Amino acid sequence: MSQPAIAIPSPTQDALGILHRGISGAAGPVALACSFSVEDVVIIDLLQNVAPATRIFAIDTGRLNEETYEVAESIGVRYGVTIDWHFPERTAVEKLEREKGLFSFRESLENRQECCRIRKVEPLKRALRGLSGWITGLRREQSVTRDDLKSIASDATNGGILKINPLLDWSEAQVWDYANSKRLPVNRLHRQGYPSIGCAPCTRAVQPGEHSRAGRWWWENPEHKECGLHRR
């Protein structure tokens, strides 16, 4: 007698389940940290089926690409949402640039981490205040630094709130299949060889055969390619 077939959830069903469990488990306010990558736009679309009122925040480092702002505007129009923007502390940026110049981040790992700390990590800390959980577009295959992540986990770095990664096990092809099927607004740079997009001076197009994050801080070793937002 043949055994009944086991239904295998689709990536979309998996992601919706992770969002539902994570938001419910947080038992308090949850927000999406959005950089307007294709992954983040996919999550915004998925949230319309789970928790459409979920707050969306973004960090304007002061050095983003114009194309990133275009996606933010398109998201606001399509979904009728307001993006909660956070900015670096002005005095910290002024001190950094006056003392070390505009491109100190290329001189050493320590300088690059200092710039990321001022422009990204400190604003994130403010954005996360009062939250019980936050949602990210992290995927495991993006970097060697993300191999042991979990889809839902306590974020010890940020006070133990839940960190929800609904696309953790999605492949790049699955992300694009979803985005294309829904005709989602995506950053024009993605189609110009930029699979991963950060600040303009720290991002370049990748060459055929290179890893998807080879264009981020391309002067550094792969194990260092995190800005500190997802430090464990």
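Check the entry above for the structure.
Residues numbered from 1 in each chain as written. Predicted model: local features only at pLDDT ≥ 70, side-chain atom pairs only at ≥ 80, totals over all residues. Heavy atoms only, no water.

1. Digging into empty space enclosed by the protein
Stated precisely, the cut-off is as follows: Cavities and pockets were defined on a 1 Å grid built over protein atoms only: a cavity is a set of grid points that admits a 1.4 Å probe from which the probe cannot escape, a pocket is an open set flanked by protein on both sides within 12 Å along at least five of seven lines, and lining residues are those with an atom within 4 Å of any such point. Grid points are joined across faces, edges and corners, and a volume is the space filled by probe spheres set on the points. Basically, the charged four are Asp, Glu, Lys and Arg, the nonpolar ten are Ala, Val, Leu, Ile, Met, Phe, Trp, Tyr, Cys and Pro, and anything else, Gly included, counts as polar.
In the structure shown here, the tally under the stated rule is 5 cavities of 30 Å³ or more. Taken as a whole, the second largest cavity holds about 100 Å³ of empty space. Along the wall of the second largest cavity there are 13 residues; nearest its centre are Cys 115, Cys 116, Cys 199, Cys 202 and Trp 217. Class assignment of the residues belonging to the lining of the second largest cavity gives a composition of 7 nonpolar, 1 polar and 5 charged.

2. Comments concerning the pairing of strand E5 (residues 152-155)
For clarity, the cut-off: By this definition, two strands are paired if DSSP reports at least two bridges between them. Elements are defined by DSSP. Helices are runs of H or I of four residues or more, strands are runs of E of two residues or more, and each kind is numbered from the N terminus.
Bridging between E5 and strand E6 (residues 161-164) involves 4 bridges; their strand directions are antiparallel. Paired with Ser 154 across the two strands is Leu 162, which belongs to E6. Counted along the chain from E5 to the antiparallel partner E6, the turn is 5 residues long, and its residue Gly 159 has a positive phi close to 80°.

3. Digging into the side chain of Arg 112
Just so we agree on the cut-off: To sort residues, take the accessible area from a 1.4 Å probe on protein chains only and compare it with the maximum for the residue type: under 20% means buried, over 50% means exposed, and anything in between is partly exposed.
Mapped onto the fold, Arg 112 is located in helix H5 (residues 109-128). The class of Arg 112 is buried, set by a relative accessible area of 0%.

4. Observations concerning H5
Formally: One axis fitted to the seven residues ending at a residue, another fitted to the seven starting there: the angle between these axes is the bend at that residue.
Along its length, H5 shows its largest kink, about 45°, at Arg 117. Looking at the residues trailing H5, positive phi occurs at Gly 130, about 85°.

5. Topic: the packing of aromatic side chains
Put simply, the rule reads: Aromatic rings from Phe, Tyr and Trp, with only the six-membered ring used for Trp, were paired whenever their centres fell within 6.5 Å, and each pair was classed as stacked if the ring planes differed by under 30 degrees, edge-to-face if by over 60, and tilted otherwise. Lysine and arginine charges are scored as sitting over a ring when NZ or CZ, respectively, is within 6 Å of the ring centre and within 35 degrees of the ring normal.
Under the criterion given, the structure shown has 4 aromatic pairs. A ring pair is formed by Phe 36 and Trp 85, whose centres lie 5.7 Å apart and whose planes are at 35°; its orientation type is tilted. Of the two residues, Phe 36 is situated in the loop between strand E1 (30-33) and helix H2 (38-47) and Trp 85 in strand E3 (residues 84-86); the sequence distance between them amounts to 49 residues. For Trp 85, a relative accessible area of 27% puts it in the partly exposed group. Between Tyr 69 and Trp 85, the aromatic rings sit 6.1 Å apart at their centres with planes inclined by 45°, giving tilted as the arrangement. With Tyr 69 in helix H3 (residues 66-79) and Trp 85 in strand E3, the pair connects residues that are 16 residues apart, well separated along the chain. Here the aromatic cluster, defined as three or more aromatic residues joined through ring pairs, consists of Phe 36, Tyr 69 and Trp 85. Sitting over the ring of Phe 103, Arg 63 keeps its end group 5.1 Å from the ring centre.

6. Notes on the nonpolar core
For the record, the criterion: Definition used in this section: a nonpolar core is a set of buried Ala, Val, Leu, Ile, Met, Phe, Trp, Tyr and Cys residues joined via side-chain atoms within 4.5 Å. We call two residues in contact whenever any of their non-hydrogen atoms come within 4.5 Å of each other.
If you look at the biggest cluster of nonpolar residues, it comprises 35 residues, and the most contacted ones within it are Leu 32, Phe 36, Val 42, Ile 75 and Ile 135. Elements supplying a minimum of two residues to this core: helix H1 (11-26), E1, H2, strand E2 (55-59), H3, E6 and helix H6 (172-182). Considering each element in turn, this core owes the most residues, 7 residues, to H2. The residues touching Val 42, leaving out its near neighbours within four places in the chain, are Leu 167, Trp 170, Val 175, Tyr 178, Ala 179 and Leu 184.

So, to be careful, I would describe these as geometric facts and stop short of saying anything about function.
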